[in-house]
Every structure is written in structure tokens, then in C-alpha cells.
Amino acid sequence: MNGRVALVTGCGKPDGSGQAIARALADAGAAVVVSDRRPAGVPNRRQEIVGSGQPASWSGLDSLVSGIEAGGGTAASVLGDIGDEHDAQAMIGAALERYDRLDILVNNAAAPQGADRDVIDEIPVEVFDEVVRVNLRGTYLMCRAAVPAMRRGRWGRIINISSMAGVIAAPRSTPYSASKAGVIGLTRALAMDVAAWGITVNAICPGALETSRSVLSEDPDLDVAAEMQRRGRNLPVGRVGRPEDVAAAVRYLAGEGASYMTGQMLVLDGGGPMPFPLPRPEESA
């Protein structure tokens with residue numbers, strides 16, 4: 001990816017997929033512009049109650065940029081709300097002003113979770129609107145702002161981070177599931193519009209991930225590591241996903257080797273939750 005320029009949204013948290021994606025693209029040779037609404041990301045409801053859990057040394061986007069540069073990569077940061085049309089245009093404009101091109105857009109940012117995770121009649125309409133505004137409208141606005149530059153360059157990779165909640169039934173998540181299903185529909189339609197200009201558009205649909213976004217419990221005494229192990233035991237691979245797993249998939253879709261893949265959703269769920277006992281090596285020893 002030497003000479004390529006990438007913009008990745010939702011990079012402020014130290015344990016999120018955004019920072020891992022940015023590092024992977026920088027390691028591959030791309031100049032990376034990292035962004036978020038706030039320097040260290042927007043906390044979800046659990047983080048607001050029990051604390052962010054972020055290390056004291058982490059200052060958000062500045063720490064990420066410093067880490068990439070310390071590893072020999074090229075990076076810059078920009079703040080903005082992807083759901084705001086002006087901010088979306090400004091973030092794309094910042095990348096173009098700095099590097100005079102934009103080749104890769106990774107729409108990773110998503111609305112913080114909390115009040116949206118309930119039965120439908122207990123979710124305020126304004127909460128539904130905010131989730132859709134960020135997750136779906138934000139993805140649309142970022143794509144809308146990026147496509148003209150990619151058309152001019154006759155090359156582009158747009159990678160939208162959706163979710164398995166947009167593919168399969170997920171309880172107590174109507175706003176989130178609706179928004180992520182919308183991202184898949186947007187991905188497929190946009191891919192048809194821009195393919196002739198050498199631009200591919202694909203979506204990644206992660207399942208369970210080991211990130212702060214995945215923990216919704218407000219119990220301050222929750223053993224998060226034990227909870228992740230419990231979830232992983234229900235998956236064929238025996239563990240939940242990591243930000244680096246998402247980053248590896250993005251790195252593939254952003255490269256030359258994925259030029260024949262567009263309008264697709266890449267499922268990344270460890271084989272999916274299983275209702276039946278799974279064979280394990282220790283049981284056959």
C-alpha cells in the first residue's frame with residue numbers, strides 16, 4: 001500500500017477496532033488519517049458509570065499517531081462527527097489537503113451503546129434516531145464525501161464495518177440492528193455505482209469482539225476477561241474476536257488482491273454461536 005492514503009473513523013479508544021485497523025494499514029505502507037468525534041472516543045453507558053478503563057498513558061488520537069510514527073509509519077489525526085454533513089466533508093477535505101489524494105476509507109465509527117439496548121417500547125425515539133444518524137447516515141455521508149476523489153484517481157477501497165447484528169436476529173437491539181443492516185444495503189448499492197471507476201465497496205460483519213463496546217453490563221464488579229472467555233466457549237474457534245482480526249480483514253479488502261471483490265459482506269464471527277456442544281482437543285486426548 002505504499003503511496004496510498006487511508007482515512008479510518010472511530011479510532012479514539014485504545015481497545016477498539018479503529019486503532020488496530022489504522023496500525024495495520026500504516027504497517028502495510030499507507031499514510032493514515034485517524035479520526036473520532038472526541039480525541040479518546042465517545043464512552044458507552046457502562047464506561048460513563050464505571051469509568052473508561054483506558055490506561056493513563058492513552059491520550060486518544062495523539063497517542064495513536066505517535067505510536068504509528070514511532071513504528072516508522074505516517075499518520076495524522078482529525079476530529080469530527082461523521083453524522084454531521086459539514087464534519088464529514090471537512091474530515092475528507094483534511095485528508096485531501098494534507099496528502100492530495102484519498103484511496104481507502106474505513107467507516108468504523110459507530111454510536112456509543114447504552115440506552116438503545118432495550119425492548120422497542122422502552123427505547124426513546126431520539127435514541128433510535130441518534131443510532132441511525134451515526135451508524136447509517138454517517139457511513140453514507142463519509143462515502144458521499146470520499147467518492148469524488150476516488151473517482152478522479154480511478155481507484156478506491158471503501159470498507160464499511162457493519163455487524164452480525166445486521167445479518168441475524170439479535171434481541172434488544174432494534175436501532176443497532178436496523179442501522180447495521182442499512183449499512184449492508186448501502187454497501188451493495190454503492191458498489192454498483194462506482195465499480196467502473198476501479199472503486200470497490202465491501203462490508204465486514206464482526207460477531208463477538210473483545211472491545212469495550214461489547215460489554216454492556218453496568219456491574220462495576222464484572223470480570224470482563226472471564227465474561228469474554230465465557231462467550232468464546234460458545235464459538236467454534238474457542239474465543240471471541242479481537243480488533244486485530246478486524247484489522248486483518250480490512251487490510252485484505254484494502255489491497256490489490258481484493259480488486260475482484262465488491263458489494264459483498266465478509267462475515268467475521270468465529271463460526272457463529274453454537275447451541276450444541278463443540279468438540280475440543282482436550283476431550284479427545
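Here we summarise the structure given alongside this text. Nothing here was measured: the structure is a model prediction, and the numbers come from that model.

Before going further, it helps to examine the overall build of the protein chain. Scanning the protein chain from N- to C-terminus turns up nine helices and seven strands. On C-alpha atoms alone, the protein chain measures out to a radius of gyration of 18 Å, which is about the 19 Å that the 2.2 N^0.38 rule sets for 285 residues. Counting all 285 residues of the protein chain, 48% fall into the buried class. Accessible surface computed for the protein chain: about 13,200 Å², of which carbon and sulfur atoms make up 53%.

Turning next to the pairing of strand 1 (residues 5-8). A two-sided burial pattern is seen for strand 1, the buried positions comprising Val 5 and Leu 7 on one face and Ala 6 and Val 8 on the other. With respect to chirality, the unit in which strand 1 leads through helix 1 (residues 17-27) into the neighbouring parallel strand 2 (residues 31-36) is right-handed. Here three bridges tie strand 1 to strand 4 (residues 104-107), and the two strands are oriented parallel to one another. When the bridges of strand 4 are listed, Val 8 appears paired with Val 106.

An order of 3-2-1-4-5-6-7 is seen for the seven strands of this open sheet, with the pairing classed as parallel. At either end of the open sheet lies a strand with only one pairing partner, and these are strand 3 (74-79) and strand 7 (265-268). Strand-to-strand, the axes of this sheet are offset by a mean angle of 15°, without reference to chain direction. Across six bridges, strand 2 lies against strand 3 in parallel orientation. What sits directly across from Val 32, in strand 3, is Ala 75. Where helix 3 (residues 61-70) meets the sheet, it contacts strand 2 and strand 3, and its direction lies at approximately 170° from that of strand 3. Contacts from helix 5 (residues 125-153) reach strand 1, strand 4, strand 5 (156-161) and strand 6 (199-206), with the element oriented near 175° to strand 4.

Right, let's talk about helix 6 (residues 174-194) for a bit. Between its terminal C-alpha atoms helix 6 stretches 30 Å, which fits the 30 Å expected from 21 residues at 1.5 Å a residue. Turning to helix 6, its buried residues number three or more, namely Pro 175, Tyr 176, Ser 177, Ser 179, Lys 180, Val 183, Ile 184, Leu 186, Thr 187, Leu 190, Ala 191 and Val 194. Residues of helix 6 that are buried make contact with helix 5, strand 5, strand 6 and strand 7.

This part takes up the packing of aromatic side chains. All told, the structure shown has zero aromatic pairs when counted by the stated rule. The side chain of Arg 4 reaches across the aromatic face of Trp 155, ending 3.6 Å from its centre. Here the basic side chain of Arg 117 rests over the ring of Tyr 176, its NZ or CZ set 4.5 Å away from the ring centre.

Let's shift gears to the packing of helix 5 against helix 6. Taken N-terminus to C-terminus, the directions of helix 5 and helix 6 make an angle of 15°; their axes are 8 Å apart at the nearest point. If you check the angle between helix 5 and helix 6, you find them roughly parallel. Once helix 5 is placed against helix 6, the crossing between them reads as right-handed. Listed contacts from helix 6 to Phe 128, Val 131, Val 132, Asn 135, Leu 136, Thr 139, Tyr 140, Cys 143, Val 147 and Arg 151 of helix 5 are Pro 175, Tyr 176, Ala 178, Ser 179, Lys 180, Gly 182, Val 183, Leu 186, Leu 190 and Val 194. Residue composition of the contact of helix 5 with helix 6, by class: 14 nonpolar, four polar and two charged.

Definitions and cut-offs
- Residues numbered from 1 in each chain as written.
- Predicted model: local features only at pLDDT ≥ 70, side-chain atom pairs only at ≥ 80, totals over all residues.
- Heavy atoms only, no water.
- Helix = DSSP H or I, 4+ residues; strand = E, 2+ residues; numbered from the N terminus.
- Rg over C-alpha atoms; globule rule 2.2 N^0.38 Å.
- Buried < 20%, exposed > 50% of the residue type's maximum accessible area, 1.4 Å probe, protein only.
- Areas by Shrake-Rupley, 256 points an atom, 1.4 Å probe, with all protein chains shown as cover.
- Right-handed = clockwise from strand over helix to strand, strands pointing away.
- Pairing = 2+ DSSP bridges.
- Axes fitted to C-alpha atoms, helices over the stretch in contact; angles between N-to-C directions.
- Contact = heavy atoms within 4.5 Å.
- Expected span 1.5 Å × (residues − 1).
- Phe/Tyr/Trp six-rings, centres within 6.5 Å; stacked < 30°, edge-to-face > 60°.
- Lys NZ or Arg CZ within 6 Å of the ring centre and 35° of its normal.
- Parallel < 35°, antiparallel > 145°, perpendicular 65-115°, else oblique.
- Left-handed = near helix turned anticlockwise from the far one by under 90°.
- Nonpolar A, V, L, I, M, F, W, Y, C, P; charged D, E, K, R; others polar.

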